[in-house]
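# Examination of the molecular architecture
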Amino acid sequence: MIHYKHSVELDVEKCTGCTACMRHCPTEAIRIKDGHAHIDTDRCIDCGECIRVCQSKAKKAMCSKFEHYQHYKWKIALPPPSLFGQFDGLDDVNYVIQGLKDIGFDDIFEVAKAAELVSAYTRLYLKIPGIKKPVISSACPVIARLISLRFPYLKDNIMPLLPPMEIAAILAKEKAKKEHPELKDEEIGTFFISPCAAKVSYIRNGYGDYKSNVDVVVSLSEIYFLLVGAMKKDKQPEIMTESGKVGIGWATSGGESSALLNDSYLAADGIENCIKILDQIENGNIPQLEFVELNACIGGCVGGVMTIENPFIAKTRLQTVRRYMPVSLNHLPADEKFIPEGYFLNTSPSYIPISRLSNNMGESMRMMAQIENIKKELPGIDCAACGSPTCRAFAEDLVRGKIPSDSKCVVLAQKNSEEENGNDSK
Amino acid sequence: MNESLTFHFDVDGTDFTSAGQASANVKRSLRQLGLAPDIIRQVSIAMYEGEINMVIHAGGGEADVTVFEDKIEIVLKDHGPGIKDIDLAMQEGYSTATDTVRSLGFGAGMGLPNMKRYTDEMHIETEVGKGTTIKMYVNLTD
């Protein structure tokens with residue numbers, strides 16, 4: 001199995017072994033062992049739920065520091081639309097764009113601009129005869145990975161189009177080379193300002209055979225604090241923005257869908273809701289839909305773990321930002337009826353049957369029978385005190401040999417010792 | 001090898017919101033057994049439709065899914081009103097579901113046809129007033 005590089009990191013010193021992350025992990029990728037959490041990298045989908053619920057701040061998303069990448073001669077910032085929702089009282093995105101220049105970026109290429117192109121290409125894509133419907137958005141990397149691990153049947157429903165962040169990186173580099181032909185490829189650096197851990201992983205791993213065009217991922221929170229110090233409100237900035245309402249809308253759940261000008265869509269957010277929707281699509285018990293937009297974070301990208309503001313406040317602020325914007329500034333030429341070849345994803349990640357008990361069916365069946373037998377004896381209260389998230393997971397871990405064969409259920413052990421003590425006193 | 005593994009579920013006939021739980025559990029178990037995604041989907045669709053049928057028509061029932069080496073057997077048993085005319089019931093779009101049920105988005109008359117479509121073999125035993133037992137098989141070998 002190819003090793004998947006994750007971006008969720010644990011500070012063992014800070015971790016108290018409290019079980020909160022383990023109980024919230026949607027893929028049961030976490031166990032508590034030796035007093036602290038362990039993440040199973042094969043199962044982790046980088047959704048960031050563990051970072052969100054950790055009271056001890058022991059979990060964080062790995063990112064590069066902006067100051068460590070000053071060696072690029074031409075540094076291009078790729079700000080996502082969610083960035084614009086972080087600032088109190090902001091009514092003009094140009095303040096932020098100017099701020100990015102002031103903190104040391106040579107050029108800015110808005111991801112919202114690329115998003116408007118993706119919206120236009122998606123409208124073209126939906127018209128291709130014979131494609132598998134509903135088409136599932138490829139923008140949230142958590143969903144793409146979740147599908148490759150758990151919903152292999154829906155693999156072909158994922159739109160095979162690069163997400164806005166990637167198209168922004170490609171176009172930003174083309175623009176830099178055109179405007180500054182003296183620059184060498186390695187002198188140009190594209191910096192994505194990430195609202196979430198999953199985009200960091202996407203950039204580090206690529207997607208199928210595709211290698212990312214983003215060179216450096218910095219966290220939105222790091223850039224936010226640099227910007228707050230640099231943004232000057234006293235002077236009206238130049239108009240530099242090249243995106244409209246549609247592009248900014250991508251920051252929140254439903255924004256991508258509403259840009260399709262088609263009412264046959266579903267937009268869901270929050271990882272548990274997304275899993276339920278995927279289950280229903282797989283079972284076929286969902287209305288006929290053209291498009292499904294799923295965002296692992298509540299509220300959409302504004303809910304990413306590296307954002308500053310509460311997603312709902314950020315959404316409200318974006319309403320102000322969008323108020324005087326044109327609908328969209330990026331349209332395809334009327335004669336453009338094809339999506340450029342380079343924007344297609346030709347391969348998708350292969351199905352990784354992580355939950356499979358064994359490669360041999362007979363052996364799997366024996367193991368499952370054992371799991372069912374052990375489970376029957378357990379209290380079924382999913383207290384997680386043993387270090388596995390549920391009673392069933394404990395039984396599974398035992399049968400899979402992931403925990404020592406003499407591991408005990410804490411609740412049962414307590415009950416047994418109480419019974420013994422009771423017998424002694426009689 | 002004549003090993004087999006059975007999963008048993010009681011389908012609660014009073015609760016619409018929990019309909020689909022047995023099918024979700026089966027899906028999870030089949031994934032753990034390492035079955036191909038297509039097979040898992042066939043079984044879970046057939047199961048789901050059967051489960052819904054038992055809830056809307058029969059006040060619940062029992063479901064047993066048995067995995068054999070070469071096939072998966074799904075047995076759905078209820079003590080509901082039975083099916084008067086199987087040929088009619090097998091027609092796409094035919095349903096005896098009440099208006100209340102239809103208003104909930106069920107009762108489109110696709111249950112039995114879908115169960116037949118997604119399985120390799122289906123047998124219905126039914127007696128009016130006594131109940132219905134449906135056996136379905138999905139082959140694992142080509």
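Note that the structure is a prediction, hence the values are computed from the model and not measured.

## As for the confidence of the model for chain B
All names here are of chain B.
- The predicted model of chain B has a mean per-residue pLDDT of 86, with 98% of residues at 70 or higher.
- Mean pLDDT across the elements of chain B ranges from a minimum in helix α4 (residues 99-103), with 76, to a maximum in strand β5 (residues 131-139), with 94.
- Model confidence for the complex: the whole-complex pTM is 0.88, and ipTM, which rates the interface, is 0.75.

## Remarks on the environment of S350 of chain A
Residue and element names in this part refer to chain A.
- If you trace the backbone, S350 turns up in the loop between α12 (311-322) and α13 (361-377).
- Overall, S350 belongs to the exposed group, with 11 C-beta atoms counted inside 10 Å.
- Along the primary structure S350 and R145 are separated by 205 residues, whereas in three dimensions their C-alpha atoms are 9.9 Å apart.

## A few points about the sheet that holds strand β11 (residues 291-295) of chain A
All names here are of chain A.
- Pairing is parallel across the open sheet formed by three strands, whose spatial order is β7-β11-β10. Looking at the sheet topology across the chains shown, the edges are occupied by β7 (135-136) and β10 (265-269).
- Pairing of β10 with β11, which is carried by five bridges, proceeds in the parallel orientation. If you follow D269 over to β11, its bridge partner there is N295.

## Some thoughts on the domain arrangement of chain A
All names here are of chain A.
- Per the domain assignment, the segments making up chain A are domain 1 (1-62), domain 2 (66-343) and domain 3 (357-426).
- Taking only C-alpha atoms into account, the centre of domain 1 sits 26 Å from that of domain 2.
- Taken together, the contact between domain 1 and domain 2 spans 15 residues of the former and 18 residues of the latter.
- In terms of residue count, the dominant contributor to the side of domain 1 that touches domain 2 is helix α2 (residues 49-53) (three residues).
- For the side of domain 1 that touches domain 2, the per-class residue count stands at eight nonpolar, three polar and four charged.

## Section: the environment of K65 of chain A
All names here are of chain A.
- Positionally, K65 belongs in the loop between β4 (59-61) and β5 (74-78).
- On the basis of neighbour counts, which here come to 10 C-beta atoms within 10 Å, the residue K65 falls in the exposed class.
- Once the C-alpha coordinates of K65 and I271 are considered, the two residues, 206 residues apart in sequence, prove to be 28 Å apart.

## Examining the interface of chain B and chain A
- At the junction of the two partners, chain B supplies 18 residues and chain A supplies 19 residues.
- Every element with two or more residues in the side of chain B that touches chain A is listed here: α1 (21-33) and α2 (37-58) of chain B.
- For the side of chain B that touches chain A, the class distribution of residues is eight nonpolar, five polar and five charged.

## Examining the sheet that holds strand β6 (residues 107-108) of chain A
All names here are of chain A.
- What the four strands build is an open sheet, ordered β6-β5-β8-β9; its pairing is parallel. Looking at the sheet topology across the chains shown, the edges are occupied by β6 and β9 (216-219).
- Two strands pair when backbone bridges link them, and β5 and β6 are joined in this way by two bridges, in the parallel orientation. Directly across from A77, in β6, lies its bridge partner I108.
- Set on the sheet, helix α6 (residues 164-179) makes contact with β5, β6 and β8 (188-194); between it and β5 the angle comes to about 150 degrees.
- Relative to β8, helix α7 (residues 197-205) is tilted by about 150 degrees, and along the sheet it contacts β8 and β9.

## What about the nonpolar core?
- In this structure, I76 and L78 of chain A are the most contacted members of the largest nonpolar core, which totals 107 residues.
- Two domains each put at least three residues into this core: domain 1 (1-62) and domain 2 (66-343) of chain A.
- Beyond its immediate sequence surroundings of up to four residues, L78 of chain A is in contact with F109, V111, M165, A168, A169, A172, T190, F191, F192, I193 and V214 of chain A.
- Counting residues in hydrophobic clusters, the runner-up holds 46 residues, among them F394 of chain A together with I52, V55 and L112 of chain B.

Procedures and definitions
- Residues numbered from 1 in each chain as written.
- Chains lettered and ligands numbered in written order.
- Predicted model: local features only at pLDDT ≥ 70, side-chain atom pairs only at ≥ 80, totals over all residues.
- pLDDT = per-residue confidence, 0-100.
- Helix = DSSP H or I, 4+ residues; strand = E, 2+ residues; numbered from the N terminus.
- Buried ≥ 20, exposed ≤ 12 C-beta atoms within 10 Å, placed from the backbone.
- Pairing = 2+ DSSP bridges.
- Domains from an automatic or database assignment.
- Contact = placed C-beta atoms within 7 Å.
- Nonpolar A, V, L, I, M, F, W, Y, C, P; charged D, E, K, R; others polar.
- Axes fitted to C-alpha atoms, helices over the stretch in contact; angles between N-to-C directions.
- Core = buried A, V, L, I, M, F, W, Y, C linked by C-beta atoms within 7 Å.

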